[in-house]
Amino acid sequence: MYIPEDFIERLLNSVNIVEVIQKRRQVERRGGAYMAKCPFHKGGEENNASMKIYEETGTYHCFTCKETGNAISFLRKHDNLDFLEAVELLASYIGMEIPKQESNSSVIKATNINNRASEIFYKQLKEESGKNTISYLKDRGISGETAKFFNLGYSNAKAPSLNEVLSKEFNQEELNESGLFGKNDDGEFYDRFRDRLMFPIRNIKGDSIAFGGRLLVDKENQAKYLNSPETKTYKKKYELYGLYEVRQIDKRPDSIFVVEGYMDVIGLFQHGVKNAVASSGTAFTQEQLRKILNYTNTIYIVFDGDEAGLKASWRTVENAMPLLREDTRISFIFLKEGDDPDSFIKENGKEAFCNLAKDSKSLSNYFFETLKQQDDLSSIEGRSIAAKFAIPLIKSISNETIKQAYINEASNVCDIDFAKLIQGDESKKQINSPKKEKPVVDTKSIMKKSVLGIFMALIQHPKLANSKLFNLVNPDSNFSFMLEIRDIYIKHPNSAASIILEKIDQEKIKNVFGEALVSEIKISEEDALSMIEDCIALISQTYSEREEILKEKYNMSELTSSEKRELQQIILKKVRMSQEEEALIKNLSSG
Ligand SMILES: [Zn+2]
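Residues numbered from 1 in each chain as written. Predicted model: local features only at pLDDT ≥ 70, side-chain atom pairs only at ≥ 80, totals over all residues. Heavy atoms only, no water.

Student: Any chance you could break down the overall build of the chain for me, citing the residues and the numbers?
Tutor: Summing up its helical and strand segments, the chain has 25 helices and 16 strands in all. Once the C-alpha set of the chain is aligned to its principal axes, its extents read approximately 90 × 70 × 50 Å. Taking all 591 residues of the chain together, the buried fraction comes to 48%. Restricting the contact set of the chain to residue pairs at least 6 apart, pairs at least 24 apart contribute 65%. Total accessible area computed for the chain in this model is approximately 30,400 Å², and 47% of it derives from carbon and sulfur atoms. Each charge class in the chain was averaged separately, 82 positive and 90 negative side chains, and the resulting centres sit 2 Å apart. (Helix = DSSP H or I, 4+ residues; strand = E, 2+ residues; numbered from the N terminus. Buried < 20%, exposed > 50% of the residue type's maximum accessible area, 1.4 Å probe, protein only. Contact = heavy atoms within 4.5 Å. Areas by Shrake-Rupley, 256 points an atom, 1.4 Å probe, with all protein chains shown as cover. Lys, Arg positive; Asp, Glu negative; His and termini not counted. Charge placed at Lys NZ, Arg CZ, Asp CG, Glu CD.)

Following this line, the structure appears as structure tokens:
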């Protein structure tokens with residue numbers, strides 16, 4: 001699916017970026033500006049808020065790590081969403097409908113192929129060959145209506161193969177990327193799913209992006225359940241089976257149940273519990289949790305009553321800790337041994353199942369129960385062991401209020417001052433690894449972001465090319481291209497950015513310019529100017545740092561010949577050379 005550009009523009013104009021960020025971070029009002037602690041800093045959370053949020057332009061900019069963007073890029077990065085998901089989520093905040101439009105991009109092909117396969121599987125279920133599958137579903141109490149709602153299907157075992165059918169519409173390379181086919185040792189393609197009940201896994205838009213397939217009759221060397229592999233359109237850790245279907249019933253449900261299997265989702269639905277999703281056989285990931293929290297604040301995670309269920313539940317606690325907020329309610333339901341949600345609701349009915357939710361165990365209760373079981377808390381040793389167990393988990397909580405509450409409770413339980421313990425743990429780390437004291441900054445990516453920022457500013461406000469700020473760029477630095485681009489802008493003040501792009505020779509620079517071009521971030525002229533200023537300052541700073549490094553290397557006789565030339569260039573361009581530098585130049589030329 002392709003979203004028209006004007007929709008994105010309308011969307012970005014309609015959402016309030018302050019509110020979007022406020023849902024996830026604490027936002028302070030400072031004078032007329034909004035500031036937040038930047039979540040994108042490398043090396044962890046910063047102490048002071050250095051991310052400025054521009055309500056008017058709908059953008060943010062971090063003055064430390066230079067991360068900049070709009071509401072879409074914020075959500076993509078903060079919530080780990082892809083572009084479509086971020087747009088969808090934003091649109092849902094303000095109740096805008098996304099217009100659907102087809103695109104011919106190759107990534108979309110894989111979705112089209114899976115969508116086609118879904119249609120074919122559905123059709124085959126109703127044919128003669130699907131009879132056994134239908135009676136299986138009937139035996140399990142699944143109505144035709146439910147089967148249709150979930151678009152259940154059947155994958156043929158007989159000719160023609162799915163590959164044969166679809167190769168009339170798509171080329172083999174495209175089919176290969178759909179995840180529906182495997183390749184045997186002779187290089188021939190075969191259908192991954194044969195003679196199976198098919199569960200299409202749909203993304204939030206309703207496109208089939210992958211499948212789960214269940215064997216109805218045990219076969220040697222074949223897994224009972226088989227899933228699509230990861231493809232361009234299907235990333236397991238982000239997807240939830242049934243989420244699209246839940247949202248067909250209610251866009252923002254009061255709560256969502258998370259279960260283990262496809263049949264659990266369908267069985268619950270059949271009995272009237274229409275807000276269940278499954279994690280498709282994988283452990284429940286942080287990305288999935290985060291995704292669900294976009295649509296509801298209350299999650300009940302149901303674990304089968306076996307060893308594997310218990311293990312999975314604790315992993316879920318670990319994954320959930322960083323996402324906890326004051327308004328999230330994550331609870332656990334532990335079924336009795338041998339039970340799963342499907343069998344439970346079949347035996348006990350909807351009401352009994354909903355009562356499980358009422359009696360569920362909150363994440364915090366579960367956390368502290370588990371903490372208390374770590375050791376004998378009546379002994380100092382036992383309390384220390386429990387504290388050791390809790391520290392990393394409590395530290396992973398990013399919400400300050402929640403973290404404080406956990407610290408207090410853990411201090412009571414273990415009779416140890418957790419605030420001090422956590423602080424001590426952090427300062428000890430700093431002593432052990434002095435490098436970490438400074439925020440870890442990836443110079444290369446900061447440079448790229450700076451260049452990107454300048455390009456974006458120029459693209460939107462070409463007349464800023466006349467700014468004297470550009471004179472600060474050293475023409476002999478690696479950033480001289482910046483001046484060339486400035487000159488192109490001055491020469492062609494009315495050219496479209498796409499035309500400027502054509503005039504850039506260096507492929508690498510062209511790519512960065514192209515990236516700036518597609519960015520939907522809108523910046524005011526004033527912000528653009530201050531962005532250019534920030535970015536150029538950063539670039540020149542690195543440039544003089546480079547000079548220092550080279551000089552130091554020279555003193556230690558470690559310069560390579562290309563570095564010698566580089567240092568020469570740097571010094572030669574100086575308006576005024578120090579005596580030392582003059583001597584250095586001579587030495588560099590002779591050596
Ligand atoms: Zn930052």
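Student: How would you explain the sheet that holds strand 6 (residues 153-155) if you had to name every residue and give the values?
Tutor: The strand order across the open sheet formed by four strands is 6-9-10-11, and the pairing between neighbours is antiparallel. Since the sheet does not close on itself, it has two edges, and those belong to strand 6 and strand 11 (225-227), each with one partner. Across the sheet, the axes of successive neighbouring strands diverge by a mean angle of 35 degrees, strand direction being ignored. Strand direction decides the pairing type here: strand 10 (residues 208-215) and strand 11, joined by three bridges, are antiparallel. (Pairing = 2+ DSSP bridges. Axes fitted to C-alpha atoms, helices over the stretch in contact; angles between N-to-C directions.)

Student: Explain helix 12 (residues 286-293) to me, and be specific about the residues and the numbers.
Tutor: Count 3.6 residues to each turn of an α-helix, and residues three or four apart come out pointing the same way. For helix 12, the tally of buried residues reaches eight of eight residues, placing the bulk of the element in the interior. Those residues of helix 12 not exposed but buried are Q286, E287, Q288, L289, R290, K291, I292 and L293.

Student: Can you lay out a negative patch on the surface for me, pointing to particular residues and giving the numbers?
Tutor: A cluster of acidic residues, E260, D306, E307 and E337, forms a negative patch on the protein surface. Within the secondary structure, E337 sits in the loop between strand 15 (329-334) and helix 14 (341-358). (Patch = residues over 30% accessible without salt bridge, like charges linked within 9 Å, V, L, I, M, F, W, Y side chains within 5 Å. Salt bridge = Lys/Arg side-chain N within 4 Å of Asp/Glu carboxyl O.)

Student: Tell me about the pattern of salt bridges, and please be specific about residues and values.
Tutor: Taken as a whole and judged by the stated rule, the model has 20 salt bridges. The partner of E85 in a salt bridge is K291, and the shortest N-O contact between them spans 2.7 Å. Here E85, found in helix 4 (residues 83-94), pairs with K291, found in helix 12; they are 206 residues apart in sequence, far enough to count as distant. Of the two residues, E85 and K291, both sit in the buried class. One salt-bridge network, held together by shared partners, links E85, E239 and K291.

Student: Hey, could you go over the environment of K574 for me, with residue numbers and the actual values?
Tutor: Locating K574 in the fold gives a position in the loop between helix 24 (561-572) and helix 25 (579-590). With near-sequence residues (within four places) excluded, K574 lies in contact with E547, K551 and E581.

Student: For the sheet that holds strand 16 (residues 361-362), give the residues involved together with the corresponding values.
Tutor: As a general point, the strands of a sheet are linked pairwise by backbone hydrogen bonds and lie either parallel or antiparallel. Spatially, the five strands line up as an open sheet ordered 13-12-14-15-16, and their pairing is mixed. On the outer flanks of this sheet lie strand 13 (276-278) and strand 16, each paired with one strand and no other. Pairing of strand 14 (residues 298-303) with strand 15, which is carried by six bridges, proceeds in the parallel orientation. When the bridges of strand 15 are listed, F303 appears paired with F334.

Student: Please set out the pairing of strand 1 (residues 27-30) residue by residue, giving values where relevant.
Tutor: For strand 1 and strand 2 (residues 33-36), the ladder comprises four bridges, and the chain directions are antiparallel. Residue pairing across strands places V27 opposite A36, the latter belonging to strand 2. Two successive antiparallel strands, strand 1 and strand 2, enclose a turn made up of two residues, where G31 displays a positive phi of approximately 60 degrees.

Student: Summarise helix 4; cite the residues concerned and give the values.
Tutor: Between its first and last C-alpha atoms helix 4 spans 17 Å; for 12 residues at 1.5 Å apiece the expected length is 16 Å, and the two agree. Within helix 4 the residues assigned to the buried category are E85, A86, V87, E88, L89, L90 and A91. G95 sits one or two positions beyond helix 4 and adopts a positive phi of about 70 degrees. (Expected span 1.5 Å × (residues − 1).)

Student: Pulling in residues and values, what's your account of the nonpolar core?
Tutor: With 45 residues, the main nonpolar core has M321, F367, I394, Y406 and F418 as its most contacted residues. In contact with F367, not counting residues within four places along its chain, are W314, V317, M321, A390, L393, I394 and Y406. Counting 35 residues, the second-largest nonpolar core is a separate cluster that includes I459, V473, L483 and I521. (Core = buried A, V, L, I, M, F, W, Y, C linked by side-chain atoms within 4.5 Å.)

Student: Got a sec to walk through the side chain of N114? Specific residues and values, please.
Tutor: You can see N114 is positioned in helix 5 (residues 106-126). Judged by relative accessible area, which is 0%, N114 ranks as buried. Not counting residues within four places of it along the chain, the set of residues in contact with N114 comprises S178, L180, S208, I209, A210 and F211.

Student: Can you explain the packing of aromatic side chains? Please cite residues and give values.
Tutor: Taken as a whole and judged by the stated rule, the model has 30 aromatic pairs. For the ring pair F199 and Y225, a centre distance of 6.4 Å and an interplane angle of 35 degrees mean the geometry is tilted. One end of the pair, F199, is in strand 9 (residues 196-202); the other, Y225, is in strand 11, with 26 residues separating them in the sequence. Arranged with centres 5.3 Å apart and planes meeting at 75 degrees, the rings of F367 and Y406 form a pair that is edge-to-face. Of this pair, F367 sits in helix 15 (residues 363-372) while Y406 sits in helix 17 (residues 400-414), and the two are 39 residues apart along the sequence. (Phe/Tyr/Trp six-rings, centres within 6.5 Å; stacked < 30°, edge-to-face > 60°.)

Student: Quick one: what's the story with the environment of G69, residue by residue and with numbers?
Tutor: Structurally, G69 can be placed in strand 5 (residues 68-70). Judged by its relative accessible area of 0%, G69 falls in the buried class. Residues G69 and E19 lie 50 residues apart in sequence; the distance between their C-alpha atoms is 15 Å. Those residues within four positions of G69 in sequence are excluded, and the remaining contacts are G58, T59, Y60 and I521.

Student: Tell me what's going on with unusual backbone geometry, and back it up with residues and numbers.
Tutor: The omega angle of the peptide bond from A159 to P160 is -5 degrees, so this bond is cis rather than trans. With respect to the helices and strands, the residue P160 is situated in the loop between strand 6 and helix 8 (162-166). Positive phi outside glycine occurs at N221, with the angle close to 60 degrees. What makes N221 exposed here is its relative accessible area of 79%. The phi torsion at D415 lies on the positive side, around 55 degrees, for a residue other than glycine. Its location among the elements puts D415 in the loop between helix 17 and helix 18 (418-432). Among the residues examined, D415 registers a relative accessible area of 60% and is labelled exposed.

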